[in-house]
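One-letter residues, chain by chain:
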Number of protein chains: 2
Amino acid sequence: MATLDDVARRAGVSTATASRIINGSSKPVSAALRDRVEAAVADLHYVPNAHARQLAGSGRTAVGVVVHDVSDPYFAEITRGLQRVATTDGRLVIICNTYRDPARELDYVELLRAHQVAAMVLAGSGYHDVAFARSLRGKLRAYELSGGRVAVIGRHDRTGDAVVPDNESGGFMAGEHLYALGHRDIGVIAGPRNLTTTTDRLTGLRRAARTHGRPAPKVAYADFDRDSGAAATGDLLSTHPRLTAIAALNDSMAVGALAFLRDVDRRVSVIGFDDMPIARDVTPALTTIRLPLADMGAQAMSLALSPASPDPRVERVPATLVERASTFPPDR
Amino acid sequence: MATLDDVARRAGVSTATASRIINGSSKPVSAALRDRVEAAVADLHYVPNAHARQLAGSGRTAVGVVVHDVSDPYFAEITRGLQRVATTDGRLVIICNTYRDPARELDYVELLRAHQVAAMVLAGSGYHDVAFARSLRGKLRAYELSGGRVAVIGRHDRTGDAVVPDNESGGFMAGEHLYALGHRDIGVIAGPRNLTTTTDRLTGLRRAARTHGRPAPKVAYADFDRDSGAAATGDLLSTHPRLTAIAALNDSMAVGALAFLRDVDRRVSVIGFDDMPIARDVTPALTTIRLPLADMGAQAMSLALSPASPDPRVERVPATLVERASTFPPDR
DNA sequence: ATCATACGGGAAAGCCCTTGCCTCAACCCA
DNA sequence: TGGGTTGAGGCAAGGGCTTTCCCGTATGAT
């Protein structure tokens with residue numbers, strides 16, 4: 001691999017001059033030298049070593065993102081938003097998939113710190129786990145102490161910049177919608193219990209039940225993916241055959257529920273959460289609670305890239321109901 | 001940020017020793033020193049600087065991936081496969097989204113080279129553009145000369161390791177399926193003309209038409225995304241009202257076509273391509289040509305991580321027909 | 001008691017850049 | 001003509017780490 005030395009030698013200048021020309025430094029350089037250096041760069045297919053540059057230079061340029069899984073549409077959308085603003089800012093984005101493993105999450109935070117990223121955005125690391133939270137806080141603090149910036153998406157046991165979707169009222173709205181349609185007994189397909197996203201949405205749903213004087217919803221836990229959603233729907237319906245509506249805590253599971261209901265040919269209302277792109281294309285089109293995922297990602301990245309502020313900034317993101325065809329009054 | 005020096009000083013050893021302990025070098029070190037160093041690391045929240053490490057050390061550790069857009073399910077699946085094998089190998093994956101901009105693709109190749117990645121996988125950079133191909137080849141050659149490994153997914157004007165899906169016969173199978181059902185006149189919703197994916201699939205479709213002695217399919221070009229697929233369906237149907245079947249060159253556009261047809265309440269067969277996860281959940285469930293996307297990603301990464309071989313290895317990936325409910329005989 | 005052999009540990013040479021500081025010339029004004 | 005600017009470019013000091021020697025010391029063999 002050609003180095004700056006090679007370029008400088010070939011152009012007959014010092015590495016200092018070559019470096020200045022290559023980086024478009026403000027120091028004036030004669031046109032002749034500039035040409036020679038540029039020719040040398042082209043001839044040698046020279047590309048500056050990013051690591052050396054990072055070591056020698058001052059600014060950190062990359063940013064990191066930690067998500068559960070980019071191939072999950074939920075995180076794909078968030079990531080899209082994140083990337084848009086990071087790229088606009090000319091930054092390399094390092095994406096890390098934890099696959100919902102808290103340990104991996106911790107490792108990635110270290111890894112990103114090791115890579116001297118300028119900022120990191122944590123999406124979906126709201127676990128109910130005291131030891132995890134403490135460890136994470138420690139690592140993040142160490143990182144921030146060294147000048148790193150952190151923004152999280154979702155609720156966290158941590159003070160700092162954050163974009164937090166209003167999951168609780170989203171859950172409430174979902175329940176409200178179903179009860180208003182006349183459902184009395186509803187089931188919930190929840191995500192993993194240790195995620196705050198799950199518990200927050202569930203809390204909203206329960207509040208809606210209380211508000212309407214209805215029995216607490218029946219809950220089955222699944223994994224936020226389609227197939228587990230389908231399976232949980234089966235469980236729920238066999239245990240509680242009288243349910244007339246199901247609230248899934250994300251759209252993937254709602255899609256699974258829909259598939260299951262179609263298979264067993266039952267007519268039950270289903271409401272999802274997130275409004276992923278495909279929600280409108282399933283049949284019946286999915287009623288869901290929308291979260292502006294791409295915007296949330298963009299906001300989080302903006303926070304992370306802006307200078308640290310003395311007091312933490314928290315952007316609350318409202319959820320909205322999107323009515324489509326998958327919810328309807330109960331058959332009597 | 002604490003450095004190795006800090007750790008060494010605190011533990012009362014040399015940086016050499018500290019480094020050896022931290023990296024689990026094979027050199028024997030007394031237990032006492034090991035404990036002291038480990039304590040120092042913990043106290044200081046020390047994390048080795050990845051850049052310095054890369055500079056000083058020998059092995060390159062990261063790998064790069066260039067895709068059109070991770071949030072597109074097609075690439076999301078491929079990426080998932082890629083990551084699985086890269087992570088197993090303990091490597092950091094840098095994902096770059098070109099958003100179908102060839103210039104950006106070129107830039108990213110440079111960037112990955114600058115970051116000294118051990119290998120890179122290019123997915124979806126098959127453009128019909130001589131200048132682009134030449135430039136890309138040049139950059140890749142320079143990279144390989146410096147020891148980098150490259151694997152591509154899809155057809156390329158380039159000899160080298162590759163995983164190439166059999167798009168042509170996939171297209172043929174799609175056509176075959178429709179003609180066998182009795183359709184005479186079919187329309188095609190194609191992707192961007194400058195992508196080999198588009199042209200290869202189209203070629204297969206045309207061959208099927210010839211084989212069955214049918215007129216060449218009518219083509220409308222779109223962008224591989226849902227909405228453009230829906231729009232193109234409208235165009236196609238207004239220009240050629242007698243079409244009884246539509247082949248979309250990917251599932252996203254097929255979903256768009258389905259949506260359009262539902263809106264205008266027309267019954268037309270639709271076949272997609274790729275078999276993305278949601279294909280089975282739309283209504284009617286989408287008949288499609290499956291490509292094992294995650295496996296393809298995994299294969300490509302395996303190729304890229306394996307030592308360079310004298311003659312290029314090309315893994316051909318067969319496409320298979322998945323029959324669901326969206327294709328049926330024409331109404332007479 | 002002597003010599004060879006491990007073994008544990010340190011000194012220091014890079015890895016490839018950026019950048020502060022310095023030098024040298026040419027140039028200006030007085 | 002002399003002193004002060006200014007413009008162009010080079011020297012060399014890091015930046016944080018790995019790794020190759022190299023050197024004592026304790027161990028074993030003779």
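The name an unreviewed UniProt entry assigns to chain A is LacI family transcriptional regulator, from the organism Asanoa hainanensis.

**Q** Would you mind going over the overall build of chain A in detail, with residue names and values included?
**A** Along chain A, the regular secondary structure elements total 12 helices and 12 strands. Scaling as 2.2 N^0.38, a compact globule of 332 residues should have a C-alpha radius of gyration of about 20 Å, whereas chain A reaches 25 Å, well beyond that. Viewed in the frame of its principal axes, chain A has a C-alpha envelope of about 90 × 40 × 30 Å. Evaluated residue by residue, chain A yields a buried proportion of 54% over its 332 residues. Once local pairs closer than 6 in sequence are excluded, the contacts in chain A between residues at least 24 apart make up 74%. When the accessible surface of chain A is split by element, carbon and sulfur atoms take 51% of a total near 13700 Å². A gap of 3 Å separates the mean positions of the 40 positive and 37 negative side-chain charges of chain A.

**Q** How would you summarise the domain arrangement of chain A if you had to cite specific residues and measurements?
**A** In terms of domains, chain A is made up of domain 1 (4-56), domain 2 (63-165 + 294-317) and domain 3 (167-291). Between domain 1 of chain A and domain 2 of chain A, the C-alpha centre-to-centre distance is 36 Å.

**Q** Summarise the side chain of Q116 of chain B; cite the residues concerned and give the values.
**A** Mapping Q116 of chain B onto the fold places it in the loop between α6 (102-114) and β3 (119-123). Ignoring anything within four residues of it in the chain, the contact list for Q116 of chain B reads M1, N49 and H51 of chain A together with Q54 and R60 of chain B.

**Q** Could you give me a rundown of the interface of chain B and chain A, with the residues and numbers involved?
**A** Contacts between the two partners involve 43 residues from chain B, matched on the other side by 43 residues from chain A. In total, chain B and chain A occlude about 4100 Å² of area from one another, counting both sides; carbon and sulfur atoms represent 56% of this. The largest per-residue losses of area from chain B upon contact with chain A belong to M1, H51 and D281 of chain B, which jointly make up 16% of the total buried on that side. There are 6 salt bridges connecting chain B and chain A. Between D281 of chain A and R226 of chain B there is a salt bridge whose closest N-O contact spans 2.1 Å. Our count for the chain B to chain A interface comes out at 16 residue pairs in polar contact (both at pLDDT 80 or more). Looking at the side of chain B that touches chain A, the elements with two or more residues in it are α4 (50-56), α5 (73-88), β2 (93-97), α6, α10 (226-239) and α11 (251-264) of chain B. In the side of chain B that touches chain A, the residues fall into 21 nonpolar, 12 polar and 10 charged.

**Q** Can you break down the sheet that holds β2 of chain B residue by residue, with the values?
**A** All names here are of chain B. Strand order across the open sheet formed by 6 strands is β2-β1-β3-β4-β5-β11, with parallel pairing between neighbours. Each having just a single partner strand, β2 and β11 (314-317) make up the two edges of the open sheet. The sheet shows a mean angle of 15° between the axes of neighbouring strands, direction not considered. As defined by bridge partners, strand β1 (residues 63-67) adjoins β3 across 4 bridges and the pair is classed as parallel. In the sheet register, V65 faces β3, and the bridge partner there is V121. Where helix α7 (residues 130-145) meets the sheet, it contacts β3 and β4 (149-153), and its direction lies at approximately 160° from that of β3.

**Q** Can you tell me about the UniProt feature "domain: HTH lacI-type" (unreviewed entry) in chain A, naming the residues and giving the values?
**A** UniProt records the feature "domain: HTH lacI-type" (unreviewed entry) at residues 2-57 of chain A, using the numbering of this structure. The distance separating the terminal C-alpha atoms of residues 2-57 of chain A is 19 Å; by composition the span is 66% helix and 0% strand.

**Q** Lay out the pattern of salt bridges in plain terms, naming residues and giving numbers.
**A** Here the structure, examined in full by the defined rule, presents 40 salt bridges over all chains. When the shortest N-O distance is used, the salt bridge between R9 of chain B and D6 of chain B registers 3.8 Å. A residue pair is termed a helical-turn pair when its members lie 3 or 4 positions apart in one helix, as R9 of chain B and D6 of chain B do in helix α1 (residues 4-11) at 3 residues. The exposed category is assigned to R9 of chain B, whose relative accessible area is 59%. One salt-bridge network, in which partners are shared between bridges, spans R226 and D227 of chain A together with R280 and D281 of chain B.

**Q** So what's going on with the packing of aromatic side chains? Residues and values would help.
**A** All names here are of chain B. Tallying each qualifying case throughout the model produces 4 aromatic pairs over all chains. With 4.8 Å between their ring centres and 85° between their planes, Y74 and F75 make a pair best called edge-to-face. A single burial state applies to Y74 and to F75, both of which are buried. Look at Y127 and F132: their rings are 4.9 Å apart centre to centre, the planes differ by 85°, and that puts the pair in the edge-to-face class.

**Q** Could you give an account of the protein's contact with DNA strand D, with specific residues and numbers?
**A** T17 and K27 of chain A together with L4, S19 and Y46 of chain B are the nearest of the 28 residues found near DNA strand D. For DNA strand D, the backbone portion of the atoms within 4 Å of the protein, that is sugar and phosphate, comes to 61%. Here a base nitrogen of DNA strand D sits 3.5 Å away from a polar atom, N or O, in the main chain of A52 of chain A. Contact between DNA strand D and Y46 of chain B: a phosphate oxygen at 2.3 Å from a side-chain N or O atom of the residue. Listing elements by their share of the surface near DNA strand D, those giving two or more residues are α2 (15-22) and α4 (50-56) of chain A together with α2 (15-22) and α4 of chain B. Among the elements that take part in the surface near DNA strand D, α4 of chain B stands out by supplying 4 residues, more than any other.

**Q** Explain the pairing of strand β6 (residues 186-190) of chain B to me, using residue names and the numbers behind them.
**A** Residue and element names in this part refer to chain B. When you tally the buried positions in β6, you get 5 out of 5 residues, the bulk of the element. Both faces of β6 are covered, namely the face carrying I186, V188 and A190 and the face carrying G187 and I189. Relative to strand β8 (residues 245-248), β6 is paired through 4 bridges, and the arrangement is parallel. Each residue of the ladder has a partner; that of G187, found in β8, is I246. The sheet contact formed by β6 and strand β7 (residues 218-221) spans 4 bridges and is parallel. Each residue of the ladder has a partner; that of V188, found in β7, is V219.

**Q** Go over the pairing of β1 of chain B, please, and point to the residues and values.
**A** All names here are of chain B. Most of β1 sits inside the fold, with 5 of its 5 residues counted as buried. Burial along β1 is two-sided: the residues V63, V65 and V67 and G64 and V66 are all buried. In terms of strand pairing, β1 meets β2 through 5 bridges, oriented parallel. Bridge pairing in β2 links V63 to V93.

Calculation notes
- Residues numbered from 1 in each chain as written.
- Chains lettered and ligands numbered in written order.
- Predicted model: local features only at pLDDT ≥ 70, side-chain atom pairs only at ≥ 80, totals over all residues.
- Heavy atoms only, no water.
- Helix = DSSP H or I, 4+ residues; strand = E, 2+ residues; numbered from the N terminus.
- Rg over C-alpha atoms; globule rule 2.2 N^0.38 Å.
- Buried < 20%, exposed > 50% of the residue type's maximum accessible area, 1.4 Å probe, protein only.
- Contact = heavy atoms within 4.5 Å.
- Areas by Shrake-Rupley, 256 points an atom, 1.4 Å probe, with all protein chains shown as cover.
- Lys, Arg positive; Asp, Glu negative; His and termini not counted.
- Charge placed at Lys NZ, Arg CZ, Asp CG, Glu CD.
- Domains from an automatic or database assignment.
- Buried area = accessible area lost by both parts, 1.4 Å probe.
- Salt bridge = Lys/Arg side-chain N within 4 Å of Asp/Glu carboxyl O.
- Polar contact = N/O pair within 3.5 Å; in protein donor to acceptor, adjacent residues only side chain to side chain.
- Nonpolar A, V, L, I, M, F, W, Y, C, P; charged D, E, K, R; others polar.
- Pairing = 2+ DSSP bridges.
- Axes fitted to C-alpha atoms, helices over the stretch in contact; angles between N-to-C directions.
- UniProt positions renumbered as here; feature names shortened; annotations may be inferred.
- Phe/Tyr/Trp six-rings, centres within 6.5 Å; stacked < 30°, edge-to-face > 60°.
- Near = heavy atom within 4 Å.

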